[in-house]
Amino acid sequence: MKTHCLIISVLLSIFMISCQKNDLNLDFEDIENGLPKGWSSFHQEADFSVSLDSINVKSGKYAIAMEFTGDIVNYHGFTIKLPHYYDGEKITLSGYVKTENVTDGFAGLWLTVNSDPLWKPYEMSFMEQKGITGTTDWKRCEITLDLCHTEGNEIEIGGLLSGKGKMWLDDLKISIDDKDITKAKLYQPKTFPATEDNKFGIHSNIIFPELTQQKKEDLVLLGRIWGFLKYHHPKIAKGNYNWDYELFRILPPYLKATGKQQRDSILIKWIEQYGNISKGKPRQSTRDAFLKPDLLWIKNSHINLKLKNLLQDIYANRNQGFNYYVKIRPYIGNPIFTNESSYMGKDHHPDAGFRLLSLFRYWNMITYFYPYKYITDKNWDSVLQEYIPYFIEAKTRLEYELVSARLIGEICDSHALLYEGWENMKSMEGARQVPVAVKFIGNQLVVIDSNSTELKKGDIITRINNKPIINIVDSIKPYYPASNEASRLKSIAENILRSDQDHIQIEYIPFNGKTRRINMETVNSKQWIYNSKNKKDKHENFKLIGKDIGYINLQNITRDDIISIKQKFFKTKGLIIDNRCLSPDVFSLLAPAFVNKTTDFAKLTQGNTDNPGEFTFSPIYRIPKSEKFYSGKLVILVNEETVGNQEYTTMAFKAGNNTTIIGSQTGGFDGNNTQIILPGELITFISGNGVYYPDGKGTQRIGIIPDIEVKPSIKGIKEGRDELLEKAIEFINQ
């Protein structure tokens, strides 16, 4: 019976593969509703069209024609997803392309290999460097990508038109490792021994002795070596062991060690049980790396010479290529931590062993793959020893959440959101809210909007429930991860008036008045969702101020607005771009108008799984020159609401020939974020790339430094004025 089932399975696989070429409709001959069956276009716009052409063909009856006649250049494509994934190293797409008057871009093939649901594509190629321009007859094109064998892979192929003009596409072929796709083997996901180890489930069964100073130092050493082996030892990094559970296996004998000699012997025996590593020429760091691994702890640790040599041999012959626990996202450069289990839901309190695992996991992720470890307030090496007793002694789920939040705050990164799993901690904020919006002006908590008859704009709140504001801020700020104080105070202000009580006692000073006390009624926090970015008039995405100053609020700008903006504002003497908000990614369409030549504006760092702790710079990002150059004054408005991608956008605008930044310190966190999962389903993030100006000056924590610093005043808030906008108008009129 088993033999019959196997034969049927093989026959089905052969049948599926033999049908693939027809299923994919690579010659566009199978038509449904006027277009090739199974195919679809992306970035559909009124000025973009896809059609069958029976005259201009390379072979067969039909070719595909794509044409774009609009003014704003964008990517447009016609694609199909492959129904299967394939075993092999390389995938190649070839086909024929014909063009007519292709300008401001290129025409070519499109190939993507997707694996990460947080970011698609994982690998992509669209012939940007070798794309076809102008008017050409049929040309054979070919692109090749690596196949990455992880869960959730998808392959998409097709044609791409980036720019204006028309292109034709015909007679596509796909090969895997130089073999036609009809002869390719379907990919069967590899199983790893690490996934088959279910020994501990959700109970580590670790009992910690009294934490003497020596035991703390021993656990620091174990945490360092455990993380070092995880990312460096070839047999561990390849997924041969559940490294979390290996920690639970070594802890009981390790904790019983009575001295350094016995401790080191246990560590040596532990490491050696994972087998010998292949030795060759010692692997070197990248010569021009911006940051290099700091492994002086091996040399400086009070461990015996045999253990030091063992660790140094592992580093010299460290893992290369695939790493079971981490990968670098191609083209983007931030780390993606893989195969990290939360083990239990957010309603569970991890036991002491899992809590120590949580600390070890996070500390080593930051040590080897956080691009800004070198600018944290504390020396990161000291954090491990400081937090070991806190994690071990966290007796409740709430205590575990609180100490984890404090640990995360130590990296000084506003990307480090407490995203999911923090319900106990966040419930302390309360489910009700005084219907008032506040903001810190200096160290004063000022009302900026209100639904109350008592509190008005410009009033200064000095106490809440008889507690001075400064004391409240000092008590809660360790639980608000932030890149800088402006960013932290912004987050605190959003929650400081929350409570579970029906009333809150507020002590405040009216503008130019005397101190008053009132009991204010609270409302359900869902009934009072204040968002300063949503207070802007949606109909004022862009407008003229007077006759010759343009104003653009980036919040609601769309690509379709860009044409109108350029027509309306190109001859003004000044243009104000308000970047004090989250905004769509349209800077690439605007920034070229402000440079009179191709201009550098940023470079990024990325980590290296082949040498954990190393960070190198990417090629410099540039703004291309536009056909038309805006010669007026450009002013960008920024403040603490300018965060993340908006800071990157501001960097691009700042590269303009006549740009001035007006406002105050921005959020100070940039780079694509990376998710981290900890035991008990705690989810947070880090900034995964380092972002720098072309000259190497950083932006993390610093933010974008304004050329002219302007902060709102209490008087201005009371009067409803926008003092940054006023200063911008004054500057342009000078």
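Describe the overall build of the protein chain, and please don't skip the residues or the numbers.
Scanning the protein chain from N- to C-terminus turns up 20 helices and 34 strands. Since a compact globule built from 734 residues should have a radius of gyration of about 27 Å, the 30 Å found for the protein chain is in line with a globular shape. Per-residue burial over the protein chain gives 54% buried out of 734 residues. Long-range pairs, those at least 24 residues apart, make up 75% of the contacts in the protein chain between residues at least 6 apart in sequence. For the protein chain, the accessible surface area stands at approximately 34000 Å², while carbon and sulfur atoms represent 49% of it. Averaging the locations of the 91 positively and 88 negatively charged side chains of the protein chain gives two centres separated by 4 Å.

An account of the sheet that holds strand 23 (residues 542-545) is needed here, citing residue identities and associated values.
Here we have six strands laid out as an open sheet, ordered 23-24-25-29-30-34, and mixed in their pairing. A strand with exactly one partner marks an edge of an open sheet, and here the two such strands are strand 23 and strand 34 (708-709). Sheet analysis places strand 29 (residues 633-638) next to strand 30 (residues 659-663), joined by five bridges and oriented parallel. Following the sheet pairing, I636 is matched in strand 30 by I661. The sheet strands contacting helix 16 (residues 559-569) are strand 23, strand 24 (549-553) and strand 25 (574-578), and the helix crosses strand 23 at an angle near 10°.

Please set out the packing of aromatic side chains residue by residue, giving values where relevant.
Taken as a whole and judged by the stated rule, the model has 37 aromatic pairs. Between Y231 and F369 the ring centres are 5.1 Å apart and the planes differ by 80°, which places this aromatic pair in the edge-to-face class. Remark: F369 occurs in helix 10 (residues 352-369) and Y231 occurs in helix 4 (residues 213-232); sequence separation between them is 138 residues. Given a relative accessible area of 1%, F369 falls into the buried group.

Explain helix 18 (residues 645-654) to me, using residue names and the numbers behind them.
With eight of its 10 residues buried, helix 18 lies for the most part within the structure. For helix 18, every residue scored as buried is listed here: Q646, E647, Y648, T649, T650, M651, A652 and F653.

Can you break down the packing of helix 4 against helix 10 residue by residue, with the values?
Taken N-terminus to C-terminus, the directions of helix 4 and helix 10 make an angle of 60°; their axes are 9 Å apart at the nearest point. In terms of axis orientation, helix 4 runs oblique to helix 10. Pair helix 4 / helix 10 crosses with right-handed handedness. In this structure, helix 4 uses L219, L222, G223, R224, W226, G227, F228, K230, Y231 and H232 to contact helix 10, whose residues at the interface are L356, L357, F360, R361, W363, N364, M365, Y368 and F369. The class makeup of the residues in the contact of helix 4 with helix 10 is 12 nonpolar, four polar and three charged.

Any chance you could break down the pairing of strand 16 (residues 444-450) for me, citing the residues and the numbers?
Counting buried positions along strand 16 yields six of seven residues, so the element is predominantly enclosed. Between strand 15 (residues 436-441) and strand 16, which pair antiparallel one after the other, the connecting turn spans two residues, and G442 there sits at a positive phi close to 65°. In terms of strand pairing, strand 16 meets strand 17 (residues 460-464) through two bridges, oriented antiparallel. Bridging from a neighbouring strand, V446 pairs with I460 of strand 17.

Explain the sheet that holds strand 19 (residues 498-499) to me, using residue names and the numbers behind them.
The strand order across the open sheet formed by three strands is 19-14-22, and the pairing between neighbours is antiparallel. Bordering the open sheet on either side are strand 19 and strand 22 (523-524), each of which pairs with just one other strand. Alignment of strand 14 (residues 432-433) against strand 19, held across two bridges, turns out to be antiparallel. By the bridge assignment, R432 is partnered in strand 19 with S499.

Now, about the side chain of T522: what can you tell me, with residues and values included?
Along the chain, T522 falls in the loop between strand 21 (516-521) and strand 22. Separated by 2.7 Å, the side chain of T522 and the backbone oxygen of Q501 make a polar contact.

Describe unusual backbone geometry, naming the residues involved and giving the relevant values.
We note that D178 has phi near 70°; this positive angle belongs to a residue other than glycine. For D178, the position within the fold is in the loop between strand 10 (154-176) and strand 11 (179-180). Phi is positive for E681, close to 60°, though the residue is something other than glycine. Following the sequence through the fold, E681 ends up in the loop between strand 31 (673-678) and strand 32 (682-687). A residue is classified by how much of its surface remains accessible, and E681, at 25% relative accessible area, is partly exposed.

Before we move on, can you summarise the side chain of D244 with the specific residues and values?
Mapped onto the elements, D244 comes out in helix 6 (residues 243-255). In this structure the side chain of D244 is engaged in a polar contact, spanning 2.7 Å, whose partner is the side chain of Y343. Not counting residues up to four positions away in its chain, the partners in contact with D244 are W226, E340, Y343, L357 and R361.

Tell me about the nonpolar core, and please be specific about residues and values.
Counting 119 residues, the largest nonpolar core has L219, L222, I225, F228, L251, W270 and Y362 as its most contacted members. The biggest single contributor to this core is helix 10, with 12 residues. The residues contacting I225, other than those within four sequence positions of it, are L267, W270, I271, W297, L307 and L311.

Tell me about the confidence of the model for the protein chain, and please be specific about residues and values.
In the predicted model, the protein chain carries a mean pLDDT of 88, and 92% of its residues have values of at least 70. Confidence over residues 1-22 falls short of pLDDT 50; this stretch has 13 contacts with residues more than four positions distant or in other chains. Confidence drops under pLDDT 50 across residues 531-539; counting only partners more than four residues distant or on other chains, this segment forms 14 contacts.

The rules behind each value
- Residues numbered from 1 in each chain as written.
- Predicted model: local features only at pLDDT ≥ 70, side-chain atom pairs only at ≥ 80, totals over all residues.
- Heavy atoms only, no water.
- Helix = DSSP H or I, 4+ residues; strand = E, 2+ residues; numbered from the N terminus.
- Rg over C-alpha atoms; globule rule 2.2 N^0.38 Å.
- Buried < 20%, exposed > 50% of the residue type's maximum accessible area, 1.4 Å probe, protein only.
- Contact = heavy atoms within 4.5 Å.
- Areas by Shrake-Rupley, 256 points an atom, 1.4 Å probe, with all protein chains shown as cover.
- Lys, Arg positive; Asp, Glu negative; His and termini not counted.
- Charge placed at Lys NZ, Arg CZ, Asp CG, Glu CD.
- Pairing = 2+ DSSP bridges.
- Axes fitted to C-alpha atoms, helices over the stretch in contact; angles between N-to-C directions.
- Phe/Tyr/Trp six-rings, centres within 6.5 Å; stacked < 30°, edge-to-face > 60°.
- Parallel < 35°, antiparallel > 145°, perpendicular 65-115°, else oblique.
- Left-handed = near helix turned anticlockwise from the far one by under 90°.
- Nonpolar A, V, L, I, M, F, W, Y, C, P; charged D, E, K, R; others polar.
- Polar contact = N/O pair within 3.5 Å; in protein donor to acceptor, adjacent residues only side chain to side chain.
- Core = buried A, V, L, I, M, F, W, Y, C linked by side-chain atoms within 4.5 Å.
- pLDDT = per-residue confidence, 0-100.

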